[in-house]
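Each chain is listed here by its residues.
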Amino acid sequence: AIFQYEDLAAADSSQAGKLYDLLATLYQDLGQSSKALSWRARQLAHQEKAVPGTTGVRIETLHEMVLLQQQTGAHDEALATLGRLAQMDAGNSYPYYRQMAEIAEQTHKPAVVKKALEGMARANPKDVESAAALAELYLTQDELEAAEQWIDKGLGIVPANAHLQFLKGDIMSRRGLEDEAIAAFEIAREDPEWRSVAQQRIW
């Protein structure tokens, strides 16, 4: 049946889009992710040519492609597709950036992790943990000003956030501002999860 559908897809341009979708689904059901991905790519190209102004169908196809790209180990391609989705579907970009961060973390791409975290923080300014993760990344790279910017953004939303206050204490300590460092660590110490490590910093 698959071979017949492939022959039809090659011959019948009027039904090509539906046939590409069908073939991709059939190959995916058979566990042949590489072939399924190939047909999804053809489906996307057909959609872009047939209905260039319509994003909804392309977004759905790109979703399918990300899944297949991960299954086939095409991590760079998956990251690129997620980046494209974040641009096309800007109102829902947060989960795309979060998935990018997860893939980049698993594949040891720190620059992409940073970019994805920045996307998450921009997409959801209330996501203080992304701001804290970014600040920690910048801090490990000795980029204190950039780290402090993200700390200030996060503390502007949740002033008593233990993670951010702990990082602020570290920056103040590096700058020789001991009183300010201790004050930040004391705030962090109020959180049970940060109590021990914050107390060690104070000592």
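Residues numbered from 1 in each chain as written. Predicted model: local features only at pLDDT ≥ 70, side-chain atom pairs only at ≥ 80, totals over all residues. Heavy atoms only, no water.

Residues L82, L85, W150, I151 and I171 are the most contacted members of the largest nonpolar core, which totals 55 residues. Ignoring any residue separated from it by four or fewer positions in sequence, one finds W150 in contact with E118, A121, A131, L134, A135, Y138 and L164. (Core = buried A, V, L, I, M, F, W, Y, C linked by side-chain atoms within 4.5 Å. Buried < 20%, exposed > 50% of the residue type's maximum accessible area, 1.4 Å probe, protein only. Contact = heavy atoms within 4.5 Å.)

Examined against the element boundaries, Q199 turns out to sit in helix α12 (residues 195-202). Judged by its relative accessible area of 17%, Q199 is buried. At 2.7 Å, the side chain of Q199 and the side chain of R189 are in polar contact. (Helix = DSSP H or I, 4+ residues; strand = E, 2+ residues; numbered from the N terminus. Polar contact = N/O pair within 3.5 Å; in protein donor to acceptor, adjacent residues only side chain to side chain.)

A few words on unusual backbone geometry. In this structure, H108 takes a positive phi of about 60° despite not being glycine. Relative to the helices and strands, H108 resides in the loop between α6 (93-106) and α7 (110-123). Assessed through its relative accessible area of 70%, H108 is described here as exposed. Even without being a glycine, D142 presents a positive backbone phi close to 60°.

Under the counting rule described, the total for this entry stands at 3 aromatic pairs. With a centroid separation of 5.6 Å and an interplanar angle of 35°, the aromatic rings of Y20 and W39 are classed as tilted. Note that Y20 is positioned in helix α2 (residues 16-29) and W39 in helix α3 (residues 33-50), a separation of 19 residues in sequence. An aromatic cluster is defined as three or more aromatic residues linked by ring pairs; in this entry it consists of F166, F185 and W194. Between R42 and the ring centre of W39, over which it is positioned, the NZ or CZ distance is 4.1 Å. Here the basic side chain of K153 rests over the ring of W150, its NZ or CZ set 4.3 Å away from the ring centre. (Phe/Tyr/Trp six-rings, centres within 6.5 Å; stacked < 30°, edge-to-face > 60°. Lys NZ or Arg CZ within 6 Å of the ring centre and 35° of its normal.)

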